[in-house]
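Architecture and fold: a report
Residue-level listing of the chains:
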Amino acid sequence: MNIQMQLSGLLITLLILYFYKMHETVGLYTEKLFRFALYITIESLVLDILSVVLIMNMDRLPLILVKGECKLYLASLVITTYAAFAYASADVTRMAKTNRYVRAFGIASSVVCLLIMFLPVSIYQEGSVVYT
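An account of the accompanying structure is given in this report.

Conventions adopted
Residues numbered from 1 in each chain as written. Predicted model: local features only at pLDDT ≥ 70, side-chain atom pairs only at ≥ 80, totals over all residues. Heavy atoms only, no water. Helix = DSSP H or I, 4+ residues; strand = E, 2+ residues; numbered from the N terminus. Buried < 20%, exposed > 50% of the residue type's maximum accessible area, 1.4 Å probe, protein only. Areas by Shrake-Rupley, 256 points an atom, 1.4 Å probe, with all protein chains shown as cover. Lys, Arg positive; Asp, Glu negative; His and termini not counted. Charge placed at Lys NZ, Arg CZ, Asp CG, Glu CD. Core = buried A, V, L, I, M, F, W, Y, C linked by side-chain atoms within 4.5 Å. Contact = heavy atoms within 4.5 Å. 1 Å grid on protein atoms, 1.4 Å probe; cavity = no way out; pocket = protein on both sides within 12 Å on 5 of 7 lines; lining within 4 Å. Points joined across faces, edges and corners; volume = space filled by probe spheres on them. Nonpolar A, V, L, I, M, F, W, Y, C, P; charged D, E, K, R; others polar. Phe/Tyr/Trp six-rings, centres within 6.5 Å; stacked < 30°, edge-to-face > 60°.

**What about the overall build of the protein chain?**
Along the backbone of the protein chain there are four helices and two strands. Taken from the N to the C terminus, the helices and strands of the protein chain come in the order α-α-α-α-β-β. With respect to the three principal axes, the spread of C-alpha positions in the protein chain is 50 × 35 × 20 Å. When burial is assessed residue by residue, the protein chain has 34% of its 132 residues classed as buried. By element, 69% of the accessible surface of the protein chain is carried by carbon and sulfur atoms, the whole surface being about 8700 Å². Computing the positive centroid from 10 side-chain charges and the negative centroid from 8, the protein chain places the two 12 Å apart.

Right, here's the structure in full:
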């Protein structure tokens, strides 16, 4: 299986989380957004690794399980994008206009996640290369 990059990314992200947890925080809004983005990134990496493992073993597993997990992974990418956007825009400005953009992007992300869950997903596997 070709998951070395995902495992490396997960290890680096867990190290960032470890060092982040070692320091006391003030509890600012941006700290909460950063923590949310970090947890969502870890979750997305775990789902990515799990999807590769399930795809590589899909001849022994129910197809609905494999496709369901692949859909969860794709939806986690959308949520990760939203979390990163919310965190990046929080420091730009505190204007209500920016908050409206973040809220609109959140609604759009939710709609995309619902579409991912209801639409069919295709799995591509050739050797150690897998895609959904």
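**What to know about the nonpolar core**
Core analysis: the largest hydrophobic core is formed by 13 residues, its most contacted members being Leu10, Ile55 and Val66. Residue assignment for this core shows that the elements contributing at least two residues are α1 (4-22), α2 (29-56) and α3 (63-92). Ranked by residue count, the leading element in this core is α2, at seven residues. Aside from chain neighbours lying at most four places away, what touches isoleucine 55 is Val66, Cys70, Ile123, Gln125, Val130 and Thr132.

**With respect to the layout of surface pockets**
Size it by volume and the largest pocket reaches roughly 220 Å³. In terms of lining residues, the largest pocket is bounded by 13 residues, among which Gln6, Asp48, Val52, Val130 and Tyr131 are the most central. Elements that contribute at least two residues to the lining of the largest pocket include exactly α2, α3 and β2 (129-131). Top contributing element to the lining of the largest pocket by residue count: α2, with four residues. In terms of residue class, the lining of the largest pocket is made up of seven nonpolar, five polar and one charged.

**Thoughts on the packing of aromatic side chains**
Describing an aromatic ring pair means giving the distance of the ring centres and the angle of the ring planes. If you walk through the whole model with that rule in mind, you get five aromatic pairs. For the ring pair tyrosine 18 and phenylalanine 19, a centre distance of 5.4 Å and an interplane angle of 65° mean the geometry is edge-to-face. Summarising the aromatic geometry, the rings of phenylalanine 85 and phenylalanine 105 are spaced 4.8 Å apart at their centres and angled 55° between planes, so their arrangement reads as tilted. Here phenylalanine 85, found in helix α3, pairs with phenylalanine 105, found in helix α4 (residues 96-118); they are 20 residues apart in sequence, far enough to count as distant. A relative accessible area of 29% means that phenylalanine 105 is categorised as partly exposed. One aromatic cluster in this structure is built from Tyr20, Phe34 and Tyr87.

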